[in-house]
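Now for the letters of each chain:
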Amino acid sequence: MERVKLSAEEILANLAELNYWKFIDGKLLKRFAFPNFAESLSFINKIGEIAEAQDHHPDINFGWGYAEIFITTHDAGGITTKDFELAKKIDAV
Ligand code: H2B
């Protein structure tokens, strides 16, 4: 059940519960800003631990002062509730 693709309406309804996440090219996306490289790296390491615990893994672009998180459910070929659960846990970091 968890890995059933959500409809466009369901995605929009779930997005409304999150802060600053967008739905672009079939993925949830959020960009985080940091004052230096070390804090970007620390942030994505924490996300890595969460992803392993959830068995649900985002794609990440990061560098000096930023991290961009992209989430989709590869097994379902779209967005599922697992993506929103992961986004909420990332926001709680
Ligand atoms: N992460 C994401 N983002 N989507 C998946 O479909 C997915 C995953 N599947 N992490 C998991 C791993 C699956 O391949 C393993 C076997 O549970």
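Above this text you will find the structure in question.
Hey, could you run me through the site of the ligand in this one?
With respect to spatial proximity, the complete set of residues near the ligand consists of Arg3, Asp55, His56, His57, Thr72, Thr73, His74 and Asp75. Contact between the ligand and His57: a nitrogen atom at 2.8 Å from a side-chain N or O atom of the residue. Contact with the protein chains hides 68% of the accessible area of the ligand, taken as 390 Å² for the molecule alone. The class makeup of the residues in the shell around the ligand is no nonpolar, five polar and three charged.

Whenever I open this one, the nonpolar core confuses me. Can you help?
For soluble globular proteins, nonpolar side chains are generally found buried alongside one another. Core analysis: the biggest nonpolar cluster contains 20 residues, and Trp21, Phe43, Ile69, Ile71, Phe84 and Ile90 have the highest contact counts within it. Among residues more than four places away in sequence, those in contact with Ile90 are Trp21, Phe32, Phe43, Ile47, Ile69 and Ile71.

Would you take a moment to explain a nonpolar patch on the surface for this structure?
A cluster of nonpolar side chains, Phe37, Leu41 and Trp64, forms an exposed patch at the surface whose accessible area comes to about 330 Å². The topology assignment puts Trp64 in the loop between β3 (59-63) and β4 (66-71).

Which parts of the structure should I look at to understand the pairing of strand β2 (residues 27-33)?
Regular strands have side chains that alternate between both faces of the sheet. Where strand β1 (residues 22-24) lies against β2, three bridges are found, and the strand directions are antiparallel. Considered in β2, the bridge of Phe23 is made with Leu28. Linkage of β1 to β2, two consecutive antiparallel strands, is achieved through a turn of two residues, within which Asp25 is found at a positive phi near 50°.

Would you take a moment to explain the pattern of salt bridges for this structure?
Side-chain pairs of opposite charge can arise where the charged atoms are in close proximity. Summed over the entire model, instances satisfying the criterion amount to five salt bridges. Across the pair Asp59 and Lys27 runs a salt bridge, and its minimum N-O distance is 3.7 Å. Remark: Lys27 occurs in strand β2 and Asp59 occurs in strand β3; sequence separation between them is 32 residues. For Arg31, the salt bridge is made with Glu68, and the minimal N-O distance between the two is 2.9 Å. One end of the pair, Arg31, is in strand β2; the other, Glu68, is in strand β4, and 37 residues separate them in sequence. For Glu68, a relative accessible area of 19% puts it in the buried group.

What am I meant to see in the sheet that holds β3 here?
In a beta sheet, neighbouring strands pair by backbone hydrogen bonds and run either parallel or antiparallel. In space, the four strands of this open sheet follow the order β1-β2-β4-β3, with antiparallel pairing throughout. Each edge of the open sheet is held by one strand with a lone partner, namely β1 and β3. Going from strand to strand, the sheet's axes swing by 25° on average, the running direction of each strand aside.

Rules behind the numbers
Residues numbered from 1 in each chain as written. Predicted model: local features only at pLDDT ≥ 70, side-chain atom pairs only at ≥ 80, totals over all residues. Heavy atoms only, no water. Near = heavy atom within 4 Å. Polar contact = N/O pair within 3.5 Å; in protein donor to acceptor, adjacent residues only side chain to side chain. Areas by Shrake-Rupley, 256 points an atom, 1.4 Å probe, with all protein chains shown as cover. Nonpolar A, V, L, I, M, F, W, Y, C, P; charged D, E, K, R; others polar. Core = buried A, V, L, I, M, F, W, Y, C linked by side-chain atoms within 4.5 Å. Buried < 20%, exposed > 50% of the residue type's maximum accessible area, 1.4 Å probe, protein only. Contact = heavy atoms within 4.5 Å. Patch = residues over 30% accessible without salt bridge, like charges linked within 9 Å, V, L, I, M, F, W, Y side chains within 5 Å. Salt bridge = Lys/Arg side-chain N within 4 Å of Asp/Glu carboxyl O. Helix = DSSP H or I, 4+ residues; strand = E, 2+ residues; numbered from the N terminus. Pairing = 2+ DSSP bridges. Axes fitted to C-alpha atoms, helices over the stretch in contact; angles between N-to-C directions.

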